Amino acid sequence: MTQSNTIKQQQAQRILELFAIARQRYLDAGGDPRCTPRGLKGDDYMTDEERQEALVLGRQIFSQEYIDKY
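## Some points on helix H2 (residues 48–61)
Taking 1.5 Å of rise per residue, the 14 residues of H2 would be expected to cover 20 Å, and the 20 Å separating its terminal C-alpha atoms lies within 8% of that figure. For H2, the full list of buried residues reads Glu 50, Arg 51, Ala 54, Leu 57, Gly 58 and Ile 61. All buried residues of H2 lie within an arc of 130° about the axis, which places them on one face of the element. Residues of H2 that are exposed and angled more than 90 degrees away from the buried face: Glu 49 and Arg 59. Close packing links the buried residues of H2 with helix H1 (3–28).

## Side note on the side chain of Arg 51
Following the sequence through the fold, Arg 51 ends up in helix H2. The exposure class of Arg 51 is buried, given its relative accessible area of 15%. Only 2.7 Å separates the side chain of Arg 51 from the side chain of Asp 48, close enough to count as a polar contact.

## Section: the environment of Arg 25
Inspection of the secondary structure assignment puts Arg 25 in helix H1. For the pair formed by Arg 25 and Asp 44, sequence separation is 19 residues and the distance between their alpha carbons is 9.3 Å.

## Some points on the packing of H1 against H2
The axes of two packed helices give the description: the angle between them and the distance between them. Their axes nearest at 10 Å, the elements H1 and H2 cross at an angle of 150°. In terms of axis orientation, H1 runs roughly antiparallel to H2. As for the relative orientation of H1 and H2, their crossing is left-handed in sense. Seen from H1, the contacting residues are Lys 8, Gln 11, Ala 12, Arg 14, Ile 15, Leu 18, Ile 21 and Arg 25; seen from H2, they are Glu 50, Glu 53, Ala 54, Leu 57, Gly 58, Gln 60 and Ile 61. Looking at the contact of H1 with H2, its residues break down into 7 nonpolar, 3 polar and 5 charged.

About the criteria used
Residues numbered from 1 in each chain as written. Predicted model: local features only at pLDDT ≥ 70, side-chain atom pairs only at ≥ 80, totals over all residues. Heavy atoms only, no water. Helix = DSSP H or I, 4+ residues; strand = E, 2+ residues; numbered from the N terminus. Expected span 1.5 Å × (residues − 1). Buried < 20%, exposed > 50% of the residue type's maximum accessible area, 1.4 Å probe, protein only. Arc of directions from axis to C-beta. Contact = heavy atoms within 4.5 Å. Polar contact = N/O pair within 3.5 Å; in protein donor to acceptor, adjacent residues only side chain to side chain. Axes fitted to C-alpha atoms, helices over the stretch in contact; angles between N-to-C directions. Parallel < 35°, antiparallel > 145°, perpendicular 65-115°, else oblique. Left-handed = near helix turned anticlockwise from the far one by under 90°. Nonpolar A, V, L, I, M, F, W, Y, C, P; charged D, E, K, R; others polar.

Here it is in structure tokens:
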């Protein structure tokens, strides 16, 4: 495995951690465990810093070509 893949895996793991933290906040706030929040700012249960970190990591993990196709 190349260093680039290892770094991308670590970045992906960090994004998953951020989403897990946000999900737990949602559940602690009384959210329905069978549903997810809409994901909009203010309804994603992430702090501004966490949201910014997730965006930066997502841009590093996924190529611009992949993002454009999505």
